[in-house]
Amino acid sequence: MTVADTIKIPGRRSFARGIHPDDKKTLCSGSPAEILPTPQSVLIPLSQHIGAPCKAAVKPRTDVAVGDVVGDSEAFVSAPVHASVAGTTAAATVVTLPNGQHVGAIPITTAEEQPLTGRALWDDIYGGDWSIDAIDSFEPKRIAEAVRAAGLVGMGGATFPTHVKLARNPDKPIDTLLINGCECEPYLTSDHRLMLEAPKAIIAGAILAARAAGAERIIIAIEDNKPDAIEKMQSAAGGTGVDVVGVHTLYPMGGEKQLIVAVMAREVPTGGLPLDVGVVVVNVATAAAVARAVMREKPLTHRIISVTGEGIATPKNILAPVGASYADLIEFCGGLTDQASRVISGGPMMGFTLGDLETPVTKGTSGVVVLTEAQTRKADETACVRCGRCVEVCPLGLVPTRIALAARNNDWEMARRYYITACCECGCCAYVCPAEIPLVQLIRAGKAGMPRD
Ligand code: SF4
Ligand code: SF4
């Protein structure tokens, strides 16, 4: 690395505190993405994002094509939802998402004839030409409009509407677009596979996103436990001006604040956002979806999902339609093993235990992890021994034990004083606690139950 590069990418590739859980990624990091056979039906939640839920845009018994809008909202912070299969709608229903949220949903019974299946579907989404030669012809406003129309949200799990992130704010100019290829959650490999299998779509989307946001620099950051992805992305980025940098493998490197420190050496203030320090962070899968939305005018209807863990017969990475059920995905992997005990939507650190396998996957579902009984057996909770380990690992410098205590006692004044809302729910504190205190669960419940100001 030259001196110029060091100035351009000043971070030390790491952040303070954090943990090193066993990443278990080899269970399916070597498995190329497979295409899920079209399910017999899908259920499209009307809220798959942070912000205003959509209203149904279709009546029951309506024939829809892949990509038709089935729900939309007039609110700026929202994102439309689209049919992921060709079929016929039924009356709107209510579904409980893995995070406990009850939302409206549109059932679609799949038609016998689908326009694209198998490899043709993959090629339509990620294959073909992603030439960046004509990218200058896309005006920033047009890019943001296409991103909004395509219903893009943060596909790393945050699900914040992407057009809002990319909207220019004259008071907060952006100089750098950080593309997040860290995928720091144990087990999950969907972003890793996307970087190996569709690197040019990610580069094209990154350049488009930077144009929309007004960012001059684009840096793709990838944890150094994925050297093949770093190499592939560097090769795809050649001659484009996009930098690809390896960062240390340290959980939660994929958190926006941690990544900005590691790459840019900038601290997002407590309660602040990346744009406060001139940065926008976009996940690699979202970047690829930006390219498809703008260059092919196609909405977000499918995504890659890792279905993995010791409780899955054959772990796989799967390209699946939004609205397919977790049961569809698990069945495609040969089902659960005899030892399977807990199904988690997302990764084991930040994911949610799933109660009903018929729940649909959404735009933000990056993985399904099934753990065994031996892995989920927990010792009884005991009293805090004041070892301070939770404080030592908190990447945000919080005092988890105090926040959890405040949440347990509904002491909202104390919870606020210890910045409960700043907690990113990474789970590092609970992971190291020798007393088995469910710190992150208490904090999460506290955040949900706390009265609004
Ligand atoms: S308090 Fe929140 S941010 Fe800190 S380690 Fe625990 S879960 Fe992570
Ligand atoms: S890690 Fe657990 S036992 Fe140690 S101080 Fe924190 S809450 Fe208490």
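Here, residues in each chain are numbered from 1, in the same order as that chain's written sequence. Chains and ligands are labelled sequentially in the order written, the chains with letters from A and the ligands with numbers from 1. Thresholds applied to this predicted model are a pLDDT of at least 70 for local features of residues and 80 or more for the giving and counting of side-chain atom pairs; totals over whole chains, interfaces and linings are not thresholded and use all residues.

1. Considering the overall build of the protein chain
Inclusion rule: For the purposes of this entry, the term helix denotes a DSSP run of H or I that reaches at least four residues, the term strand denotes a run of E that reaches at least two, and both are numbered from the N terminus. Values of the radius of gyration come from C-alpha atoms, whereas the globule rule sets the reference at 2.2 Å times the count of residues to the power 0.38. Field definition: a residue is buried when 20 or more other C-beta atoms are found within 10 Å of its C-beta, exposed when 12 or fewer are, and partly exposed for counts in between, with C-beta atoms placed from the backbone. Whether two residues are in contact is decided by their C-beta atoms, placed from the backbone, lying within 7 Å.
When its secondary structure is counted, the protein chain shows 16 helices and 18 strands. A compact globule built from 453 residues should have a C-alpha radius of gyration of about 22 Å, and the protein chain, at 21 Å, falls within 12% of that. By principal-axis analysis of the C-alpha atoms, the protein chain measures approximately 60 × 55 × 45 Å. In the protein chain, buried positions account for 52% of the 453 residues. Contacts spanning at least 24 positions in sequence make up 73% of the contacts within the protein chain whose residues lie at least 6 apart.

2. A word on the site of ligand 2
Operational definition: Residues are counted as near a molecule or strand when the C-beta atom, derived from backbone positions, lies within 6 Å of that molecule or strand. Residues are grouped as follows: nonpolar covers Ala, Val, Leu, Ile, Met, Phe, Trp, Tyr, Cys and Pro; charged covers Asp, Glu, Lys and Arg; every other residue, Gly included, is treated as polar.
Neighbouring residues of ligand 2: 14 residues in total, closest C384, C387, C390, T401 and C433. Here the residues of the shell around ligand 2 are counted per class, giving 10 nonpolar, 2 polar and 2 charged.

3. Regarding the environment of G67
By the element assignment, G67 lies in the loop between β4 (63-64) and β5 (69-72). On the neighbour-count criterion, G67 (17 C-beta atoms within 10 Å) is partly exposed. A sequence separation of 83 residues divides G67 from A150, and the C-alpha atoms of the two residues are 8.6 Å apart. If near-sequence neighbours (up to four positions away) are discounted, G67 is found in contact with H82, A83, K298, P299 and T301.

4. Some thoughts on the environment of R444
By the secondary structure assignment, R444 is in helix α16 (residues 439-449). By the C-beta count within 10 Å, which is 21 here, R444 ends up buried. Taking the C-alpha atoms as reference points, R444 and R119, 325 residues apart in sequence, are found 41 Å from one another.

5. A word on the site of ligand 1
Near ligand 1 there are 15 residues, and of these C394, P400, C423, C426 and C429 occur at the shortest range. For the shell around ligand 1, the element with the most residues is α16, which contributes 3 residues. Here the residues of the shell around ligand 1 are counted per class, giving 13 nonpolar, 1 polar and 1 charged.

6. Some points on the domain arrangement of the protein chain
Spelled out, the test is: An automatic or database domain assignment supplies the residue ranges for each domain.
Per the domain assignment, the segments making up the protein chain are domain 1 (3-29 + 119-295) and domain 2 (389-449). Placing the centre of domain 1 and that of domain 2 at their C-alpha centroids yields a distance of 29 Å. Counting residues at the interface gives 12 residues for domain 1, matched by 12 residues for domain 2. Of the residues assigned to the side of domain 1 that touches domain 2, the class counts are 5 nonpolar, 5 polar and 2 charged.

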